[in-house]
Amino acid sequence: QQPVQSPQAVILREGEDAVINCSSSKALYSVHWYRQKHGEAPVFLMILLKGGEQKGHEKISASFNEKKQQSSLYLTASQLSYSGTYFCGTEFQGGSEKLVFGKGMKLTVNP
Amino acid sequence: GAGVSQSPSNKVTEKGKDVELRCDPISGHTALYWYRQRLGQGLEFLIYFQGNSAPDKSGLPSDRFSAERTGESVSTLTIQRTQQEDSAVYLCASSLGGPAWGYTFGSGTRLTVV
């Protein structure tokens, strides 16, 4: 039931782009994205509800493909502050009322 | 409060001892969640509360783990007869009503069982 994230780790230079994928074998109601910096609490980035929406602002955005049960997080023109581990959390259809998180993707942005 | 507060921030205990971890959610948040994060791993669901009832305890690893919540405020996670495999960061999160509102996480309690 745990969503699968890919890739597991990415190293970028400042200004490069990255895509983080999250896929589930179960029908999803929503997908949530969080970022965790080393030694800190995960921080909420955004929620996507079923309906295939895309949201975010110009540099960090995400999409949700309901048919494929997949979500992708897009990081454009990465900054040093983007470094951290990105987790997707999935809420299954039927209202499980809790998030099941993937194992995370570690992003390192170097100068 | 302004955020989710967890205490202690660090706890070292001897194998076999009981420990109690505390979570103070954001005022007004009815939903409260406990997750466990082992070193380098993802977030493993333990239990969630809606008010002071726990509709889903499915993630508790064994009967050594228990949790309770007083009204819509403080929650405590108790681990009895701790084992070395219990070593992890225990994260608490609260939400206004459920996942649709997003979670706010506390900084966690780092538990080390020696």
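Enquirer: So what's going on with the overall build of chain B? Residues and values would help.
Expert: Across its full length, chain B carries zero helices and 11 strands. For chain B, the sequential pattern of α-helices and β-strands runs β-β-β-β-β-β-β-β-β-β-β. Expected size for 114 residues packed as a compact globule is a radius of gyration near 13 Å; at 13 Å, chain B falls within 12% of this value. Across the 114 residues that make up chain B, the buried fraction comes to 51%. Taking as baseline every contact in chain B between residues at least 6 positions apart, the subset at least 24 positions apart corresponds to 55%. Carbon and sulfur atoms make up 45% of the accessible area of chain B, which amounts to about 5,200 Å² in all. When the 11 positive and 11 negative side-chain charges of chain B are each reduced to one mean point, those points stand 4 Å apart.

Enquirer: Give me the packing of aromatic side chains: which residues, what numbers.
Expert: Overall, the coordinates contain 13 aromatic pairs over all chains when judged by the stated rule. Between the aromatic rings of A:Phe101 and B:Tyr35, the centroid separation amounts to 5.3 Å while the plane-to-plane angle is 80°, which identifies the pairing as edge-to-face. Taken together, the residues span two chains, with A:Phe101 in strand 10 (residues 100-101) and B:Tyr35 in strand 4 (residues 31-37). In this structure, A:Phe101 and B:Tyr35 share a single accessibility class: buried. A:Lys26 extends its terminal NZ or CZ atom over the ring of A:Phe92, reaching a point 4.5 Å from the ring centre.

Enquirer: Could you give me a rundown of the sheet that holds strand 7 (residues 65-69) of chain B, with the residues and numbers involved?
Expert: Residues and elements named next belong to chain B. Read from one edge to the other, the open sheet built from four strands follows the order 1-3-8-7, with strand pairing classed as antiparallel. The open sheet has two edge strands with one neighbour each: strand 1 (5-7) and strand 7. Shown here is a sheet whose adjacent strand axes are inclined to one another by a mean of 15°, direction ignored.

Enquirer: A description of unusual backbone geometry should follow, citing residues and the corresponding values.
Expert: A cis amide bond, omega -10°, links A:Ser6 with the succeeding residue A:Pro7. Note that A:Pro7 resides in the loop between strand 1 (4-6) and strand 2 (9-13). The omega torsion of the bond from B:Ser7 to B:Pro8 falls at -10°, within 30 degrees of zero and hence cis. On the secondary structure map, B:Pro8 appears in the loop between strand 1 and strand 2 (10-13). One non-glycine residue, A:Ala77, adopts positive backbone phi at about 50°. Position of A:Ala77 among the secondary structure elements: in the loop between strand 8 (70-75) and strand 9 (84-92). The backbone phi angle of B:Arg81 is positive, close to 45°, even though this residue is not glycine.

Enquirer: Report on the side chain of B:Ser95, specifying residues and quantitative values.
Expert: Residues and elements named next belong to chain B. Mapped onto the elements of the fold, Ser95 is located in strand 9 (residues 88-95). Residue Ser95 is classed as buried on the basis of its relative accessible area of 0%. At 2.5 Å, the side chain of Ser95 and the backbone oxygen of Gly98 are in polar contact.

Calculation criteria
Along each chain, the written sequence defines residue order, and numbers are assigned to residues from 1. For this description, chains carry letters from A and ligands carry numbers from 1, given in the order in which they are written. In keeping with the model being predicted, local features are shown solely for residues with a pLDDT of at least 70 and side-chain atom pairs are shown and tallied solely at 80 or more, while totals for entire chains, interfaces and linings include all residues. Derived side-chain values reflect all non-hydrogen atoms in the structure, with water molecules and hydrogen atoms excluded from consideration. Put simply, DSSP marks the helices as runs of H or I at least four residues long and the strands as runs of E at least two long, and each gets a number from the N terminus on. For the radius of gyration, the atoms used are the C-alpha atoms, and the globule rule reads 2.2 Å times the number of residues raised to 0.38. Only protein chains enter the accessibility calculation, which uses a 1.4 Å probe. A residue is then buried if its area is under 20% of the maximum for its type, exposed if over 50%, and partly exposed in between. By the convention used here, residues are in contact when the closest approach between their heavy atoms is within 4.5 Å. All accessible-area figures derive from a Shrake-Rupley calculation using a 1.4 Å probe, and residue coverage is judged against the displayed protein chains alone. Charged residues are defined here as Lys and Arg on the positive side and Asp and Glu on the negative side; His and the ends of the chain fall outside this count. By convention, charge coordinates are those of NZ in Lys, CZ in Arg, CG in Asp, or CD in Glu. Pairing of aromatic side chains here covers Phe, Tyr and the six-membered ring of Trp, requires ring centres within 6.5 Å, and sorts the geometry by plane angle: under 30 degrees stacked, over 60 edge-to-face, intermediate tilted. Two thresholds decide whether a charge sits over a ring: the Lys NZ or Arg CZ must be within 6 Å of the ring centre and within 35 degrees of the ring normal. Only strands that DSSP links by at least two bridges are regarded as paired with each other. Axis lines are fitted to C-alpha atoms, over the contacting stretch for helices. Their N-to-C directions set the angle, which ranges from 0 to 180 degrees. As used in this structure description, the phrase polar contact means that two N or O atoms lie within 3.5 Å; if the pair is within protein, one of them must be able to donate a hydrogen and the other to accept it, and residues adjacent in sequence are counted only when both atoms belong to side chains.

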